[in-house]
Amino acid sequence: MSDKKLQGKIAIVSGASSGIGQGIAVRLGRDGASVVVDYRHDKAGGDETIRQIQAAGGKALLVQADVSKLDDIQKLVDATWEKFGKADILVNNAGVEKGADFWEVSEKDYDMVLDVNLKGPFFLTQAFVKKLIEKNIPGRVINISSVHEDMVFPHFASYCAAKGGLRMLMRDLCVELGPKNITVNNIAPGAISTPINTALLNDKPKLNALLNNIPLGRLGSVDDVAGLAAFLASDEAAYITGSTYVIDGGLMRNYKEQ
Ligand code: BGC
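Cut-off values and rules
- Along each chain, numbering runs from 1 in the same order as the chain's sequence is written.
- In keeping with the predicted nature of the model, local features appear solely for residues at pLDDT of at least 70, side-chain atom pairs appear and are counted solely at 80 or more, and the whole-chain, interface and lining totals rest on all residues.
- Think of the side-chain values as coming from all heavy atoms in the structure, minus any hydrogens and water.
- Two strands are said to pair when DSSP picks up at least two bridges between them.
- Numbering of helices and strands runs from the N terminus, with a helix taken as a DSSP run of H or I at least four residues long and a strand as a DSSP run of E at least two residues long.
- What counts as an axis is a line fitted to C-alpha atoms, over the stretch in contact for a helix, and the angles between N-to-C directions run from 0 to 180 degrees.
- Contacts between residues were defined by any pair of non-hydrogen atoms, one from each residue, lying within 4.5 Å.
- Each Phe, Tyr or Trp ring (for Trp, its six-membered ring) is paired with any other whose centre lies within 6.5 Å, and the angle between the two planes then decides the class: stacked below 30 degrees, edge-to-face above 60, tilted in between.
- Only when the NZ of Lys or the CZ of Arg is both within 6 Å of the ring centre and within 35 degrees of the ring normal is a charge said to sit over the ring.
- The buried label applies to any residue whose accessible area, calculated with a 1.4 Å probe on protein chains only, is under 20% of its type's maximum; exposed applies above 50%, and partly exposed to all values in between.
- The arc under discussion is defined with respect to the helix axis, by the directions toward the C-beta atoms.
- Side-chain atoms within 4.5 Å link the members of a nonpolar core, which is a set of buried Ala, Val, Leu, Ile, Met, Phe, Trp, Tyr and Cys residues.
- Every crossover in which the path from the first strand over the helix to the second runs clockwise, viewed with the strands pointing away from the viewer, is termed right-handed.

Another point: the sheet that holds strand S5 (residues 139–144). A sheet is described by the order of its strands in space; here seven strands give the open sequence S3-S2-S1-S4-S5-S6-S7, paired in parallel fashion. Where the open sheet ends on each side, the last strands, each with one partner, are strand S3 (60–64) and strand S7 (244–247). Pairwise comparison of adjacent strand axes, ignoring direction, gives a mean angle of 15° for this sheet. Of the strand pairs in this sheet, strand S4 (residues 89–92) and S5 are connected by four bridges, and their pairing is parallel. Within S5, the residue paired with Leu90 across the bridge is Val141. Along the sheet, helix H1 (residues 19–30) makes contact with strand S1 (10–13), strand S2 (34–39), S4, S5 and strand S6 (182–189), crossing S1 at roughly 170°.

This part covers the packing of aromatic side chains. Per the stated rule, a full pass over the model turns up three aromatic pairs. Both rings, one in Phe122 and one in Phe123, keep their centres 4.9 Å apart while their planes meet at 55°; by these two values the pair is tilted. Centre to centre, the rings of Phe153 and Phe156 are 4.0 Å apart; their planes meet at 10°, and the pair counts as stacked. Among the aromatic residues, ring-to-ring pairing joins Phe153, Phe156 and Tyr159 into one connected group. Over the face of the ring belonging to Trp81 we find Lys131, whose NZ or CZ atom lies 5.1 Å from the ring centre.

All of the buried residues along helix H7 (residues 204–212) are Leu207, Ala209 and Leu210. End-on, the buried residues of H7 take up no more than an arc of 160°, which puts them together on one face. Exposed side chains of H7 directed beyond 90 degrees from the buried face belong to Lys204, Pro205 and Asn212. Packing partners of the buried residues in H7 comprise helix H6 (198–201).

For the rest of this paragraph, the subject is the nonpolar core. Note that soluble globular proteins tend to have their nonpolar side chains buried in a common cluster. The biggest cluster of nonpolar side chains holds 36 residues, and the ones touching the most others in it are Ile12, Val36, Val63, Leu76, Leu124 and Phe128. Contributions of two or more residues to this core are made by S1, S3, helix H3 (70–84), helix H4 (107–135), helix H5 (157–177) and S6. If you tally residues by element for this core, the top one is H4, at eight residues. Contacts of Val36, omitting those with residues within four sequence positions, involve Ala11, Ile12, Val13, Leu61, Val63, Leu76, Thr80 and Phe84. With 32 residues, the next largest nonpolar core counts Ile24, Ile192, Ala226 and Ile240 among its residues.

Below, the discussion takes up the pairing of S5. S5 sits mainly inside the fold: six of its six residues count as buried. Side chains Gly139, Val141 and Asn143 project from S5 onto one buried face, and the interleaved Arg140, Ile142 and Ile144 project onto a second face that is buried too. The handedness of the S4 to S5 crossover, carried by H4, is right-handed. Where S5 and S6 come together, six bridges link them in parallel fashion. Opposite Gly139, over in S6, you have Ile182 as the bridge partner.

Read these as layout, nothing more, since geometry by itself doesn't imply function.
This is the structure:
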């Protein structure tokens, strides 16, 4: 059946205890994949993701790992292979943002944003592909980037630097990993209704200004993004690599400074 198009696949999703990561993990599980649910500190959220996957008849494993730490990254990949004997799909989803005027950004906040959003995908992808190359098996890497891998986001300079880096990382790795039959693509969501946006969602004037910039007139949902991730993970996307898939209701084509 078409809704089980990921049957037999093993997927790792970083930052899967809430928001887009949780939605993707549940969707991949529903489509037949066994899912390794990574969380950093929100164990209750991770448990909820597992519960939803199992309720849909899927298999899942919960692993605590901070993707900005290399030891944790190795633990995540090792736990996957120990439990399921392989890994086919990596979704680099874990992300953070921290708004501040550029001239106020501290080294600590800069490091936190770059470590989670760029160093994490860099080294988690490295650990993921090392195993695939060793065993000569194909793979899929899907990075959850942002429209801000390309579009300005004033007062979020560190976030833009990280997401811009993630765009070039994807392009570079598509060339290096293509001969190993490993595809690499980015999903660039716009404004999606998730916890990362809590401040915005609670600020009606700001939210309305943003909605005015979105041709489709609404925020995206986690399910909108999860459907695209499931497609990129599926056999139907076998020939797609090196691209960013923007999913933003048209925001990027219609951005206006206030
Ligand atoms: C950010 C959101 C922002 C959206 C659109 C996302 O990458 O995480 O905070 O609202 O882009 O600007």
